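Topology and contacts: notes
Single-letter residue listing:
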Amino acid sequence: MTTDHPQQFDTACIHAGQHPDRLFGGVSVPIYQSSTFAFANAEEGAARFSGRQEGYKYTRLGNPTTAALEACVAELEGGGIGLATASGMAAVSTAYMALLGQGAHAVSTASVYGPSRTLLEREFARFGVAADFVDTSSLDRLQAALKPNTRLVYLETPANPTLSVTDIAEASRLAHGVGAVVVVDNTFCSPMLQKPLDLGADVVLHSMTKFLNGHSDVVAGILVTRDRNLATRLKNVLVQMGGTIDPHQAWLVLRGVKTLALRVRAGQDNAARLATELTRHPMVATVTYPGLATHPQYELAKKQMTGPGAMISFELKGGVEAGRMLMDSVHLATLAVSLGGIETLIQHPASMTHASVARESRQAAGITDGLVRLSVGCEAYDDLHRDLFSALDGIQQKMAGGEAEAGLNVNV
Ligand code: LCS
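This paragraph deals with the pairing of strand β3 (residues 130–134). Bridge count between strand β2 (residues 105–109) and β3: five bridges; the pairing is parallel. Its bridge partner lying in β3, V107 is registered against D132.

Now for the site of the ligand. Neighbouring the ligand are 17 residues, the closest being D185, S207, T209, S338 and R373. Measuring from a nitrogen atom of the ligand, one finds a backbone N or O atom of S338 at 2.8 Å. The separation between an oxygen atom of the ligand and a polar side-chain atom of R373 is 2.7 Å. Against a free-state accessible area of 480 Å², the protein chains account for coverage of 92% of the ligand. Grouping the amino acids of the shell around the ligand by side-chain chemistry returns five nonpolar, eight polar and four charged. Split by domain, the shell around the ligand shows at least three residues from each of two domains, domain 1 (9–30 + 62–257) and domain 2 (260–405).

As a further point, take the sheet that holds strand β6 (residues 203–207). What the seven strands build is an open sheet, ordered β1-β7-β6-β5-β4-β2-β3; its pairing is mixed. The sheet is open, and its two edges are formed by β1 (81–85) and β3, each paired on a single side. Within this sheet the neighbouring strands show an average axis-to-axis angle of 20°, counted without direction. With five bridges joining them, β1 and strand β7 (residues 221–225) adopt antiparallel strand pairing. Residue pairing for β7: A84 is matched across the bridge by I222. On the sheet, helix α9 (residues 228–241) packs against β1, β5 (181–185), β6 and β7 and is oriented at approximately 15° with respect to β1.

Turning our attention to the side chain of T209. Tracing the backbone shows T209 in the loop between β6 and β7. One polar contact links T209 to S207, side chain to side chain, over a distance of 3.1 Å. Among the polar contacts made by the side chain of T209, one reaches the main-chain amide nitrogen of A220 at a distance of 3.1 Å.

Throughout the structure, instances matching the rule amount to four aromatic pairs. Relative to Y56, the ring of F37 lies with its centre 5.6 Å away and its plane at 40°, an arrangement referred to as tilted. In this pair, F37 sits in the loop between α1 (9–15) and α2 (42–50) while Y56 sits in the loop between α2 and α3 (64–76), placing the two residues 19 residues apart along the sequence. On the basis of relative accessibility, which here comes to 16%, the residue F37 falls in the buried class. Ring centres of F39 and F49 lie 6.3 Å apart, and the angle between their planes is 80°; this geometry places the pair in the edge-to-face category. Here F39, found in the loop between α1 and α2, pairs with F49, found in helix α2; they are 10 residues apart in sequence, far enough to count as distant. When its relative accessible area of 32% is taken as the criterion, F39 is described as partly exposed. Taken together, Y96, F124 and Y154 form an aromatic cluster joined through their ring pairs. For K57, the ring lying beneath its charged end belongs to F49, and the centroid distance is 5.6 Å. Here R117 stacks its cationic end above the ring of F133, 4.3 Å away from the centre of that ring.

Here we come to the side chain of Q194. Relative to the elements of secondary structure, Q194 occurs in the loop between α8 (190–193) and β6. On the accessibility criterion, Q194 (1% relative accessible area) is buried. Contact partners of Q194, with chain neighbours within four places excluded, come to E77, T157, I168, N186, C189, Q304 and M305.

Where helix α4 (residues 88–99) contacts α9, the two axes come as close as 9 Å, and the packing angle between them is 115°. Regarding α4 and α9, the two cross each other, and that crossing is right-handed. Contacts from T94, A95, M97, A98 and L99 of α4 reach α9 at L230, R233, L234, V237, L238 and M241. The residue inventory of the contact of α4 with α9, partitioned by class, reads nine nonpolar, one polar and one charged.

Here we take up the pattern of salt bridges. For the structure on display, the rule yields 15 salt bridges. Between R48 and E44 there is a salt bridge whose closest N-O contact spans 3.2 Å. Remark: E44 and R48 occur in helix α2; sequence separation between them is four residues, near one turn of the helix. Both residues of the pair, R48 and E44, belong to the buried class. The shortest N-O distance in the salt bridge between R141 and D135 comes to 3.7 Å. Residue classification places D135 among the partly exposed positions, given a relative accessible area of 30%.

What counts and what doesn't
Throughout, a residue's number is its position along its own chain's written sequence, starting from 1. Selection of residues for local features in this predicted model requires a pLDDT of at least 70, selection of side-chain atom pairs for listing and counting requires 80 or more, and totals for whole chains, interfaces and linings are taken over all residues. Only heavy atoms go into the side-chain values, all of them from the structure, while hydrogens and water stay out. For two strands to pair, DSSP has to find at least two bridges joining them. Counting from the N terminus, the helices are the DSSP runs of H or I reaching at least four residues and the strands are the DSSP runs of E reaching at least two. What makes a residue near a molecule or strand is one non-hydrogen atom of that residue sitting within 4 Å of it. Pairing of N or O atoms within 3.5 Å defines a polar contact, subject to two protein rules: one partner must be a possible hydrogen donor and the other a possible acceptor, and residues neighboring in sequence count only if both atoms are side-chain atoms. Using a 1.4 Å probe, accessible areas were evaluated by the Shrake-Rupley method; residue-level cover was limited to the displayed protein chains. In this classification, the charged set is Asp, Glu, Lys and Arg, the nonpolar set is Ala, Val, Leu, Ile, Met, Phe, Trp, Tyr, Cys and Pro, and all remaining amino acids, among them Gly, are polar. Start and end points for every domain follow an automatic or database-based domain assignment. Every axis corresponds to a line fitted to the C-alpha atoms, with the helix fit spanning only the stretch in contact, and the corresponding angles, defined between N-to-C directions, vary from 0 to 180 degrees. Contacts were defined at the residue level, with two residues in contact if any of their heavy atoms lie within 4.5 Å. Geometry of aromatic contacts follows a simple scheme: Phe, Tyr and Trp rings, the Trp one being its six-membered ring, pair when their centres are within 6.5 Å, and the pair is stacked under 30 degrees between planes, edge-to-face over 60, tilted otherwise. Throughout this description, buried means an accessible area under 20% of the type-specific maximum (1.4 Å probe, protein chains only), exposed means over 50%, and partly exposed covers the range between. The criterion is that NZ of a Lys, or CZ of an Arg, lies within 6 Å of the ring centre and within 35 degrees of the ring normal, and then a charge sits over that ring. Put simply, a crossing is left-handed when the front helix is turned counterclockwise from the back one by less than a right angle, and right-handed when it is turned clockwise. Definition used for salt bridges: Asp or Glu carboxyl oxygen within 4 Å of a side-chain nitrogen of Lys or Arg.

Shown next as structure tokens:
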């Protein structure tokens, strides 16, 4: 829907890229579940394929339902060209494939989603691509890793699962100094909390499986850029490698996006309260949350993000064993990977989402064996609090009992 004034974010979630269906006036964008589109005559078919005429040809190349989603998310990111993909990893692999080649070098945040790292380490390495993984929250370390042949600087901020925050504006400035393209994985924030393109990044990508869709029922991804040449490069790779989205999947995400602002706000409110309470529990050793003043990049997060988000990482006294007991003791929080859904999920990165990353690399990236990751959903705060804290109290009692039996005098 176009208006004379730029829409506020909540409004754009509901209306951006969408208009009543031209045929029957349907308010919800129709699902164009068609793989192919008829031409009026041979001349029209040829004109569409040559680019002389606008119009749909074949769903892998473009589809009206997908186009509505792409326009919507691009607008939420502050404007640009959106390219929806079959998964978040299809967006990541499309970016790598479009930007890297024989002899190229990439620098990536060390603590990224496990497969975003192993794809470079194991698959792209086979084609002569080198990659370094550094703590990009340190601009000095990023600067030191850049080389004349660095073509891609890949940032995940806040990072999965350490929640370390990278200065997108400064990192982009450094990367552009060697001619590298900056790609930011904005999955943990969603465009509601962070707009990397406004900060100087060239491409922003999402696993739409997470906050954008928000209901743990779709796997999808997207790339957005304001640079037409980059968009063309990305689109060529995407449609030829075939990682495009299905129209039904696109429609489900479009429906999910309508409530993005409501869900992110509710999850974030719950997370901010839980994070503070967690710091006070005697069983908790460390809590990492961008909204806590103890977060190493607290000031930067306040400046760069419009809110601290709904993801918390924490470690218990008693390490891996205590973390395992917690995950087995909660009832309302579901023990499952993924994040950004309307329901609260808890998981153990070292043995789950980041199990594919070598242990030494995990340790170097700050992904400790005892780390537990919580994706806070939109349930009533009191219910979430009761679930988490009665589990923690139970573990505290069990551990105190066990240690008393073993004759140890340890305060937990
Ligand atoms: N980027 C980030 C930051 C992610 O967290 C994920 C998935 C992806 C990309 C890949 O997206 P997908 O292909 O799964 O849509 N993260 C997951 C996680 O933390 N748990 O399970 C999946």
